[in-house]
Amino acid sequence: LHGSAAAAGLVEDGHSPAATVLQVALALPLPSPFDYLPPAGQTINRHWIGCRVEVPFGPRRLIGMVVGVSARPPGDRRLRQALRRIDQQPLLPDELWHTLHWMADYYHAPWGEVLALAQPAGLRQGDTPESPGRWVWRRCDNADHHAVQRLRRGALPEQLWQRLEAVELDEDELDTRLEGWRGAARRLQALGLVERLRRAASSLPPPQASAGFTLNDEQQAAVDAVRARLPGAANAGFQTFLLDGITGSGKTEVYLELLAEVLASGRQAVVLVPEIALTPQTVRRFRRRLGEAVLVWHSGLAEGERRKTWARLAAAEPLVLVGTRSAVLLPLPGAALIVIDEEHDGSYKQQDGVRYSARDLALVRAQALGLPVLLGSATPCLETLAQAQRGRYQTLRLRTRAGGARPPQVEVLDVRKQTLQEGLAAPALAAIRRTLEGGGQVLVFRNRRGYAPALLCHDCGFVAQCARCDRPMTLHRAPPRLECHHCGAQARLPAACPDCQGLALQPQGIGTERLQDSLTQMFPQYPVLRIDRDSTRGKDAVERLLSESATRPSILVGTQMLAKGHDLPLLQLVVVLGVDDGLHSIDFRAPERLAQLLIQVAGRAGRAQRPGHVLLQTHHPQHPFLTGLLSGGYRQFAEQALAERQALGLPPYAHLALLRAEAQSPSAWREFLQQARDQAAAWLGQQVDASAILPAPMPKRAGYSRGQLLLSAAQRPALQALLKRWVPTLYDLPGVRKVRWSLDVDPSEL
Ligand code: ADP
Ligand code: ZN
């Protein structure tokens, strides 16, 4: 499939019979491109590749991209004719084109779907990209003075000539200043006196020269190391750097310093961040330092904004783009640097459609562009650490908190046999009180939104379940309802138990809403604010909530939305509830995620001058995970976890691909997966291993029964070779009609 697309993409007219057929990739979940004849009267050559065309598809008209041209296949079916060619030149820069090709190949995804990911909606629908920028007029350097002297004094051409003395003026400006200037400009142009030029969309104010403080030695060393690889440097070229720095160690300052240089040299950079909505502060900080050249990119952006940004980047304007996952697929013809902040963050992995990892793609792009790429984290993912250990990435360390702040003190709070008041142990409540009375801020972290994770009948044991997922529904109070956090289904609160008609329905367990209620009652003189997906639906809601509480003693209750981003200078105490939930997960990545989350949450405390304190409430104070993390920190945890993964043959020491299927009935996905497994059997052998066919960890979701088949291999190429032969066959298996299936290469969740 992609092999042939690849070959087609590289067809040279010289070596093959004259091309008469366009291979068009459409954004459809189908494996190969479609063949079309060119529009009437047009001849094809390889310059069509990369251009969009409009084609008939059944009764519809679709926009697709030409990914290859070929000679008419022998014994050929009747092909339809493309309706029109949209672009005269490839829409995407060469490097992006090749990266997308790599992506389709590596993730075994339809090329048309991959190409669609890299185009704003308007372009996918066939619009021509607006050319960004503005036209300006200026005097020609070698203007002929005799011609100038012949201009009639006071007439429009002469007026315009005067106005252009020593300045260039853009057309918008001329419109407001000199009526009828266009005719005059054309006249002067004909005389060879003035010229019309394209300029960047806006003239950007120069970035602020410096941070206002000097970088410490480790920060400076990090900047120097990356700078040495930037375009223009003697040693310029691709290199992956891991900026491994504890929270608050000044990683962002390192980025800013480098980004300022990139802009000053007239080039572009991308900074990937996990979530922009949560970190408007970060964007503001970038703007403060780098000025108007900072643009943002995220899913909430309006379409017009999106197109403008896309076009400005495609025109190589010097910009710094701060964006979420999909920003890695933007055109970057002038790129100098790619930064991935919080590189361990799960949001870099796309979980539907083309299941790509933005982090991995960023590396592929940096390599293709010959640039340095900088991964920053206080808790790098194990894959990254393994690469650093092998010397493939260069590690840059920031070991101290910048500006003199001290790391927080982390303590396990053993809650066995203690009376819990709304989930909080007495020592935790006492610490909260002390902190508030001392003028500090408290964060109570609980990674479950809603009032209570379940609603239980105390008389008969009934638990309200989502019929479509077979999981307890979460009780919410504001507004009152039951909600399934897996599929979004909602239900009214029953007045009585539907099973026994008893009136003993009780909330079971504790969510953020309940914590907010009870803490408000316990500490009525302090504001208690809640930050989770329910409380922050509006634009800028997080920020509003945080700024409300930032300057006075208060309690923040929140989910992992609070783990990163905002500076909370008064925050002195973090109490973490529900640590034990994470200790018992079956996913092999669960400990890694829990360690990252705990370290990140703990890192919120004591970012400024006040020392921070962290309490982890647990029933398992002796759990090796917790004792290990506390005594050795993330670094030691990671070393042990890597050793375990190696012993068990798990990533990063193995490479995985997961075939998921869901259907109305379990028999349908079993049948499909069995056929898929049989199909693979011939190619399995010693290099690649296939698991048994098993129900998914969540065997039912949104009414669908779900199963999966896991392939693993010690060597990536062996797995890829198998996938390349295997995946195209899946589309045609007899059982395929009854299932929805997807392939996940390097799955982040099993
Ligand atoms: P990180 O990104 O590693 O969490 P930041 O870059 O946000 O850390 O830095 C944490 C705080 O320390 C910020 O308020 C920042 O302005 C400040 N800071 C960073 N570097 C320095 C420095 N060299 N001297 C003084 N303050 C610094
Ligand atoms: Zn559900």
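Everything below is about the structure printed above this text.
These remarks concern the structure in this document.

Cut-offs used in this document
Residues numbered from 1 in each chain as written. Chains lettered and ligands numbered in written order. Predicted model: local features only at pLDDT ≥ 70, side-chain atom pairs only at ≥ 80, totals over all residues. Helix = DSSP H or I, 4+ residues; strand = E, 2+ residues; numbered from the N terminus. Rg over C-alpha atoms; globule rule 2.2 N^0.38 Å. Buried ≥ 20, exposed ≤ 12 C-beta atoms within 10 Å, placed from the backbone. Core = buried A, V, L, I, M, F, W, Y, C linked by C-beta atoms within 7 Å. Contact = placed C-beta atoms within 7 Å. Pairing = 2+ DSSP bridges. Right-handed = clockwise from strand over helix to strand, strands pointing away. Near = placed C-beta within 6 Å. Nonpolar A, V, L, I, M, F, W, Y, C, P; charged D, E, K, R; others polar. Axes fitted to C-alpha atoms, helices over the stretch in contact; angles between N-to-C directions. Parallel < 35°, antiparallel > 145°, perpendicular 65-115°, else oblique. Left-handed = near helix turned anticlockwise from the far one by under 90°.

**So, the overall build of the chain**
What the chain contains, in helices and strands, is 22 helices and 35 strands. Over its C-alpha atoms the chain spans a radius of gyration of 30 Å, differing by no more than 12% from the 27 Å that the globule rule assigns to 750 residues. Seen through its principal axes, the chain has C-alpha atoms that stretch 100 × 70 × 55 Å. Looking at the chain as a whole, 43% of its 750 residues qualify as buried.

**Focus: the nonpolar core**
Formed by 188 residues in total, the largest nonpolar core has its most connected members in A269, L272, V320, I338 and V576. Element by element, the count of residues in this core is highest for helix α10 (residues 251-264), at 8 residues. Look past the residues within four positions of L272 in its chain and what remains in contact with it is G323, A327, V328, V339, I340, D341, Y348, A358 and A362. In terms of nonpolar packing, the next biggest core, distinct from the first, is built from 13 residues, V136, W137, W181 and L188 among them.

**Quick look at the pairing of strand β13 (residues 335-341)**
Of all 7 residues in β13, 7 are buried; the element is thus mostly enclosed. Summarising the sheet, strand β10 (residues 268-272) and β13 pair through 5 bridges and their orientation is parallel. By the bridge assignment, V271 is partnered in β13 with V339. Bridge count for β13 against strand β14 (residues 372-377) is 4 bridges, and the pairing is parallel. When the bridges of β14 are listed, V339 appears paired with L374. Handedness of the crossover is the feature at issue here: the chain leaves β13, passes through helix α13 (residues 358-369), returns alongside β14, and the resulting connection is right-handed.

**Re the site of ligand 1**
Among the 14 residues in the neighbourhood of ligand 1, the closest are listed as G250, K251, T252, A402 and G403. Among the elements that make up the shell around ligand 1, the one with the highest residue count is α10 (3 residues). Here the shell around ligand 1 is built from residues that sort into 3 nonpolar, 9 polar and 2 charged.

**Section: the sheet that holds strand β28 (residues 555-558)**
Strand order in the open sheet formed by 6 strands is β16-β30-β29-β19-β28-β27, with parallel pairing between adjacent strands. Each edge of the open sheet carries a strand with a single partner, namely β16 (409-414) and β27 (528-531). The mean inter-strand angle of the sheet, taken between neighbouring strand axes irrespective of direction, is 20°. Two strands pair when backbone bridges link them, and β27 and β28 are joined in this way by 4 bridges, in the parallel orientation. Across the sheet, residue I531 finds its bridge partner in β28, namely G558.

**As for the packing of helix α9 (residues 217-227) against α10**
At a minimum axis separation of 9 Å, α9 and α10 run at an interaxial angle of 40°. Judged by the angle between their axes, α9 and α10 are oblique. The interaxial crossing formed by α9 with α10 has right-handed handedness. Side by side, α9 and α10 meet where Q219, A222, V223, V226 and R227 of the first sit next to E253, V254, E257, L258 and E261 of the second. Classifying every residue of the contact of α9 with α10 by side-chain character gives 5 nonpolar, 1 polar and 4 charged.

What is shown is where atoms sit, not what they do.
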